[in-house]
Each structure stands twice: as C-alpha cells, then as structure tokens.
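Structure assessment
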Amino acid sequence: MGKLKNKVILVTGASRGIGKGCVTKLLSEKASVIATDRDEALLEESHREWIVKFGKRIRIQFLDIASETDWIEVMSDIEANEGLLHGLVNNAGIVNLKPLEEMSLEEFKETQDVNLTGTFIGTKLAVDIMRRKNNAKGSIVNISSISGQTGTLNCGAYSASKGGVRMLSKAIALEVGAKREFIRINSVHPGVIMTPMQTERAGNDEELWEGIRKSIPLGRLGKPEDVANAVTYLLSDLSDFMTGAELTVDGGMRIALSGGQYND
Ligand code: NAD
C-alpha cells in the first residue's frame, strides 16, 4: 500500500477490463488518479464502484484517445487542476479479428488510429507536461499485447498496431534518455486476460476457453489485476532503472505457443 502515494496518474480506457483494474489498483496504492474513457455512461458506473470502495470521488473525464483535440483538453485540465503529471497508462484499445481478405482498409486504419496513434498522441503530450511541470520526470506505461511481440493469426491490424506501440515505446525511451531526462517509457504485453474484450468475442464457448487455458503454462486465464500489478510496478519508483523495456504478463503463453495460434 502506498507505492504511488501522491502521484498524479492518467489512465485511458478506464471504465472496464484492464483499465478499470488499473484504476482500482492505483487507488489502493494511494495515487491521485484521473480515469478517462470514451464510454461516459460506463465510466460513471465504474466511478460509483470506486466511490463505494475508496470512500471518495476521483476525477473522471471523457477522452476518445484517437482525438488530438480531446487529449489537449484533458491535459490542459490536468495542468490547470493538478499542476503536473507523474504517470500515464495508455491502455484504451480495440481489437479487430479478421483475416486479411476480410479486413477493409477502413477497419485497418481505425485500429491504427485508436491503438497506435492514440498512444502516440498521449505519449507526446505526457512527455511535454512532464518536461515542463515535473522536472522532466515521469513514467509512461503503454499497453501492447503478446500480439505485438509475435503477431497473432487472423489479427493483422491489431498485431501491427500493438507492434507499433512496442517500438514507439522503445524509440521514445531512447529519445528522452538521450537528453538525460528521467521520463521512463515501458510497454506491457498481456496474454489472454478475462475482460469484456475477450468475452464479447468468444462468449461462453467452454471448449474454446478450456483450450486456451491448457495452452497457458501457469494453467489459468489472466485477470485485470495481473496486468495492473505490472503497471503499478512500472509506474512506481521500484522500477526507476527501467526504460524501453517490455513486461510480458501472459502466464507463459507466448513462449509456449511461439506464434500464438490459439484462435484458429
Ligand atoms: P476492453 O474492451 O474490455 O476495454 C477497453 C476500454 O477502452 C473500454 O472501456 C472502451 O470504452 C475503451 N476504449 C476503446 N476505444 C477507445 C477510445 N478510442 N478512446 C477511449 N477509450 C476507448 O479491453 P481490455 O481487455 O480491458 O483491453 C485493454 C487494453 O489491453 C487494450 O489496449 C487491449 O488491446 C490490451 N490487451 C488486452 C488483452 C486481453 O486479453 N484482454 C490482451 C492483450 C492486450
């Protein structure tokens, strides 16, 4: 408890799944969290749960990460109200599972606009505010995927976007490091984590879930808290010698599959 005491941290895609799990964990570590999402109704609903659990309101704000205008507004509000930013979790993302011949150009572009461009805009503006308001210090955690490390079958657009997030993180880590700034940028690569993103596409297909579970060396599916723990570590001072690194949170699935063909 208290690993993130008094740190001002922005989380995107916070109303459900991994983002919601991250907000819950960061609040339990005493961070001052700004929770954002493009689904305002669901964000309000999650906010009510956080109020019950932690006994206080937090800052919640509408943010469509593909919109630079939205990002500028949110960052300006943070600067006006909090004065600075210590951490950013670029978590919001979408998945589009289709083979090449069924994937339209529009769908491909939408996936890049949200997952990759959204992460780029957030990273750029967070580095800017950290430079000006926090002595060029801070931690940015970009949620990629094991699909961004190996590529996943029938998942070209998503894999490309997540591979982009992985390399963007490393390149910007080098760039700020070259200036001897202490803004750390790392990526997290979840395997199969039980969130609405997964359940909406695979439903209650017991056989499918059992097959996935069997392909995971640690023998269970992931939970949002598993990812939130890695994110907390990267945001905290415990990881202050880490930048440009990647943490894989998948129960060993990636090494076991070496190619990730579970959704065949
Ligand atoms: P989810 O679909 O359950 O939740 C995603 C959240 O992001 C939702 O609240 C949604 O409203 C929000 N969102 C989507 N597009 C947005 C946008 N343009 N602007 C703002 N908010 C937006 O997904 P999840 O499983 O919690 O995934 C979170 C992140 O983790 C994603 O980047 C995803 O690619 C990544 N990931 C998830 C898994 C998994 O197995 N669940 C595995 C690897 C990586």
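Residues numbered from 1 in each chain as written. Predicted model: local features only at pLDDT ≥ 70, side-chain atom pairs only at ≥ 80, totals over all residues. Heavy atoms only, no water.

1. With respect to the overall build of the protein chain
Tallying secondary structure elements over the protein chain gives 10 helices and seven strands in all. Radius of gyration (C-alpha) of the protein chain: 18 Å, near the 18 Å computed for a compact globule of 264 residues. Counting the 264 residues in the protein chain, one finds 51% classified as buried. The long-range fraction of contacts in the protein chain, counting pairs at least 24 apart against all pairs at least 6 apart in sequence, stands at 72%. Surface summary for the protein chain: the accessible area is close to 12400 Å², and the carbon and sulfur share equals 51%. (Helix = DSSP H or I, 4+ residues; strand = E, 2+ residues; numbered from the N terminus. Rg over C-alpha atoms; globule rule 2.2 N^0.38 Å. Buried < 20%, exposed > 50% of the residue type's maximum accessible area, 1.4 Å probe, protein only. Contact = heavy atoms within 4.5 Å. Areas by Shrake-Rupley, 256 points an atom, 1.4 Å probe, with all protein chains shown as cover.)

2. Re the site of the ligand
What surrounds the ligand is a group of 29 residues, the closest being R16, D37, N91, Y158 and T195. Between the ligand and the protein, one listed contact pairs an oxygen atom with a side-chain N or O atom of R16 at 2.7 Å. Take G191: an N or O atom from its main chain is 3.2 Å from an oxygen atom of the ligand. About the coverage of the ligand: the protein hides 96% of its 830 Å² of free accessible area. The cavity that encloses the ligand is the largest pocket. Elements represented by at least two residues in the shell around the ligand include exactly α1 (17-28), α6 (156-178) and α7 (196-202). Here the element with the most residues in the shell around the ligand is α7; it accounts for three residues. (Near = heavy atom within 4 Å. Polar contact = N/O pair within 3.5 Å; in protein donor to acceptor, adjacent residues only side chain to side chain. 1 Å grid on protein atoms, 1.4 Å probe; cavity = no way out; pocket = protein on both sides within 12 Å on 5 of 7 lines; lining within 4 Å. Sits in = over half its atoms within 2 Å of the grid points.)

Keep in mind these numbers describe shape, not what the thing actually does.
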